[in-house]
Amino acid sequence: MLLRKITLEEFGAYRGKQSLDLTPKKNKPIILIGGLNGCGKTTLLDAIQLVLYGARARCSGRGNKAYETYLRESINRQADPAQGSAITLEFTVTVDGQEHHYRVVRSWHSSGKTLKEFLNVYVDEQYGEKAKSGRKVTPVGKFSRLLSEGWADHVEDLLPLEIASLSFFDGEKIESLADPERAASVIQSAIHSLLGVSTVQQLRTDLAALQRRQKLSDEEQHLMDNIRAQESERDQVQQQLADARQEQAGRRTELDKAKRQLETLERAFEKAGGGLYERRLELEGEHKRVSEHLAELRNSLTQLAAGPLPLLMLSDQLKAVRKQAEREEAAAGASQILDVLNERDAWILEQLPEGARNDLLKTLESDRAKRAKTADLTVDLKLPYDALAQLQVLDEILVRDKERASELVSQATEVTNHRDQLERQLAGVPSQSKIEALQDARTEQLDVVAAATSSHERGEVQITELKRRREHVTGLLERAHNEFVRTKVKAAEVDRIIKYSERARQTLDRFSDALLKRHISRLEVAMLQSFKDLMRKQGLVHDLRIDTDKFTLTLSDADGESIDPGRLSAGERQLLAVSLLWGLMKVAGNRLPNVIDTPLGRLDSRHREHLVDRYFPNASDQVLLLSTDEEIDEYLLGRLKKSVAHSYTLVHDDTEFTTSVVEGYWWGSGAQHVA
């Protein structure tokens, strides 16, 4: 599919009739469209989707608005609402080697409270030859009423809406595709729709329908009426589910916005000391308890100091007293035995002969003299007889009190440090007047988040209930078909059709599984190569795997360790998402156009060069880049220019609030007056 031309008439900021030739050239797939913020780049992306999908288009400016309201607001404010707006998109599609040209015109106008919308589809128009006068070529109309009325179904065959969301994307918003759950949903949708797996499944469904058609008879009309009623109910539930999902997406956006605002307030609250303010009473109570504990410890130390503990400072004196007590005890003992020795010595001398007495007498006198010297003290303090025992008890008491005092001092030091820390925290507590406004704003935002969360949860409950109802209706419908089969299949031809259809369905099941695995394997290789081509850090991701059941994406480094996408920077996650889309386009054969709004947001200069050199020229056979002058600047334009087929600049008149299209790009010929 190739986009050829788009024409906007009084749409959004585009005043009057503005046209852009989107046809790529050989080896020049890029259509470069520049515009400052607010000039209408995203509006152009919305226009492509709106003309194709109408009420189902995922336009950025719609939000939760009703489709009719969105169309009214899309009419240029200076235009006559009765004349309204129109979008014309021309594109070609090649089927079985034959190219078909489509021109889709979606227009609408309002009159009072009434809004009318028109969709006209022209196919394979014949263009007359240009006249020599230079008149414009006008197509010879081949209006298709059938396609115009059934366009919603036909466009799904050309470019399914789910695939369009991958082909037309905002470069700053695709970072969400790096999330494993979001990536799994995209991979599953793309493989089924873009790579043909859904076609196999549709064949299986068609075979089931063929089986059911073989069972029809006039006699069973009442059963068919019941089946049709259930099919109608199923379609109704499916539409309600689609609407509920769109509303839920809006609720999710509001919830994310409320949470981001709350995070901002939380950071401001914490920065202003809000955490300390909320813990003020707790800190004051803790400070009081610590102070009381410290007082108890100091009181215990005081009581210890009132006992014998200060004697530790007189250790030398105590040693001297102990020595004196030992001397006095020895002297007292010596005095007590001197008299006994005199009597003993006299008795011994009497027992000896006179000749032997002199020598022994000298010895005994020497012994008594030595003992008398021991009993003779220079200083006698008259210490009590049990002084040594008392000193021993005193030593034991001092050892015990010293250990207790050390323990109390250690505890007092620790408690003092804790109290000082509490005092510093209390000193940092902000005043009520400083924190009150932030506290009130945070409380209000908490209520907003709670309300948004509640609304989102109710939406999830509604979606779950609708899914359950859809499954119930589908089950009833399946049972009705099965009952129809069991009761009315009689003819041999019908049996044969059912038998071989069932075999074919089983074969398609096996083929679908094999095709799915093959596509996933190819996508793993294409996506990993794309990511390595775009990344500055070549060794960051070594391998990439996609689960065949849940379609979840797993990254791993050179050591085989799993890499959490949340660890990647915002720019790296954007490149991972781009690699996912690029890999899908490679596997699909680059047969779809790529429309990229804000292509280089959040990327550094090296990554921008990689996208300009490696991705944009090779992303597809046709690439529309909607860029600001700071994204594709003069330097990058020089690197990209060889791949650009057409370039335009969206010029916004700030006085008239209107946008016009000028050929050429900033810094290029034909657009010097635009910047």
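Reference entry: report on the structure contained in this document.

Parameters and conventions
Residues numbered from 1 in each chain as written. Predicted model: local features only at pLDDT ≥ 70, side-chain atom pairs only at ≥ 80, totals over all residues. Heavy atoms only, no water. Helix = DSSP H or I, 4+ residues; strand = E, 2+ residues; numbered from the N terminus. Buried < 20%, exposed > 50% of the residue type's maximum accessible area, 1.4 Å probe, protein only. Contact = heavy atoms within 4.5 Å. Areas by Shrake-Rupley, 256 points an atom, 1.4 Å probe, with all protein chains shown as cover. Salt bridge = Lys/Arg side-chain N within 4 Å of Asp/Glu carboxyl O. Phe/Tyr/Trp six-rings, centres within 6.5 Å; stacked < 30°, edge-to-face > 60°. Axes fitted to C-alpha atoms, helices over the stretch in contact; angles between N-to-C directions. Parallel < 35°, antiparallel > 145°, perpendicular 65-115°, else oblique. Pairing = 2+ DSSP bridges. Core = buried A, V, L, I, M, F, W, Y, C linked by side-chain atoms within 4.5 Å. Polar contact = N/O pair within 3.5 Å; in protein donor to acceptor, adjacent residues only side chain to side chain.

### Considering the overall build of the chain
Inference 1: Assigned secondary structure in the chain consists of 18 helices and 16 strands.
Inference 2: Out of the 675 residues belonging to the chain, those deemed buried represent 41%.
Inference 3: Once local pairs closer than 6 in sequence are excluded, the contacts in the chain between residues at least 24 apart make up 71%.
Inference 4: On the chain, roughly 38,000 Å² of surface is accessible, and the fraction owed to carbon and sulfur atoms is 49%.

### Observations regarding the pattern of salt bridges
Inference 1: Under the definition given, this model contains 17 salt bridges.
Inference 2: We note a salt bridge from Glu-99 to Arg-4, for which the minimum N-O separation is 3.3 Å. Placement of the pair is Glu-99 in strand 5 (residues 98–111) and Arg-4 in strand 1 (residues 2–11), with a sequence separation of 95 residues.
Inference 3: Judged by relative accessible area, Glu-99 falls into the partly exposed class, the value being 49%.
Inference 4: Look at Arg-4 and you get buried, because its relative accessible area is 18%.
Inference 5: In this structure, the salt-bridge partner of Glu-233 is Arg-469, at a minimum N-O distance of 3.9 Å. In this pair, Glu-233 is assigned in helix 8 (residues 221–271) and Arg-469 in helix 14 (residues 432–488), connecting sequence segments 236 residues apart.
Inference 6: Glu-233 gets classed as partly exposed once you look at its relative accessible area, which sits at 32%.

### Remarks on the packing of aromatic side chains
Inference 1: What the rule picks out here adds up to six aromatic pairs.
Inference 2: Their ring planes at 5° and their centres at 5.2 Å tell us that Phe-91 and Tyr-102 sit as a pair that is stacked. Placement of the pair is Phe-91 in strand 4 (residues 85–95) and Tyr-102 in strand 5, with a sequence separation of 11 residues. By the burial criterion, Phe-91 is buried, and Tyr-102 matches it.
Inference 3: Both rings, one in Tyr-665 and one in Trp-666, keep their centres 5.1 Å apart while their planes meet at 80°; by these two values the pair is edge-to-face. Accessibility classification places Tyr-665 together with Trp-666 in one group, the buried group.
Inference 4: Put simply, the rings of Phe-91, Tyr-102 and Trp-151 touch in pairs and so form one group of aromatic residues.

### What about unusual backbone geometry?
Inference 1: Although it is not a glycine, Glu-10 adopts a positive phi angle of roughly 55°.
Inference 2: Summarising the element assignment, Glu-10 is placed in strand 1.
Inference 3: Residue classification places Glu-10 among the buried positions, given a relative accessible area of 13%.
Inference 4: Its identity as a non-glycine residue notwithstanding, Phe-657 has a phi of 55°, on the positive side.

### Observations regarding the packing of helix 16 (residues 570–588) against helix 17 (residues 605–615)
Inference 1: Across the interface, helix 16 lies against helix 17 with an axial gap of 12 Å and an inter-helix angle of 10°. It follows that helix 16 is roughly parallel to helix 17 by the angle criterion. Touching Leu-575, Val-578 and Trp-582 of helix 16 are His-607, Leu-611, Arg-614 and Tyr-615, all from helix 17.

### Brief notes about the sheet that holds strand 12 (residues 562–563)
Inference 1: The strand order 10-11-12 describes an open sheet built from three strands, whose pairing is antiparallel. Strands at the two margins of the open sheet, each flanked by one partner only, are strand 10 (543–546) and strand 12.
Inference 2: Judged from the two bridges that link them, strand 11 (residues 553–556) and strand 12 form a sheet pairing that is antiparallel. Each bridged residue has a counterpart across the sheet, and for Leu-555 the counterpart in strand 12 is Ile-563.

### Details of the nonpolar core
Inference 1: Counting residues in each nonpolar core, the largest one holds 102 residues, and the members touching the most others are Ile-6, Leu-52, Phe-91, Trp-151, Tyr-615 and Phe-616.
Inference 2: Ranked by the residues each element gives to this core, the list is headed by helix 16, at nine residues.
Inference 3: Here Phe-616 is in contact with Ile-30, Ile-596, Pro-599, Leu-600, Leu-611, Val-623, Leu-625, Ile-632 and Leu-640, once residues within four sequence places are set aside.
Inference 4: Judged by nonpolar contacts, the second largest core, of 10 residues, contains Val-290, Leu-294, Ala-405 and Val-415.

### Section: the packing of helix 1 (residues 41–53) against helix 4 (residues 151–158)
What describes two packed helices is the angle between their axes and the distance between those same axes.
Inference 1: Interaxial distance between helix 1 and helix 4 falls to 9 Å at its minimum, and their mutual angle equals 120°. Put simply, helix 1 runs oblique to helix 4. Where helix 1 abuts helix 4, its residues Val-51, Leu-52 and Tyr-53 lie against Trp-151, Val-155 and Glu-156.

### Quick word on the side chain of Thr-659
Inference 1: As for its placement among the helices and strands, Thr-659 is situated in strand 16 (residues 658–663).
Inference 2: There is a polar contact of 2.7 Å between the side chain of Thr-659 and the backbone oxygen of Cys-39.
Inference 3: If near-sequence neighbours (up to four positions away) are discounted, Thr-659 is found in contact with Ala-13, Tyr-14, Arg-15, Gln-18, Cys-39, Leu-650, Val-651 and His-652.

### A few points about the pairing of strand 11
Inference 1: Two elements, strand 10 and strand 11, share four bridges in a ladder whose sense is antiparallel. Paired with Asp-543 across the two strands is Ser-556, which belongs to strand 11.
Inference 2: Hairpin remark: strand 10 followed by strand 11, antiparallel, with six residues in the connecting loop; positive phi at Phe-551, about 60°.

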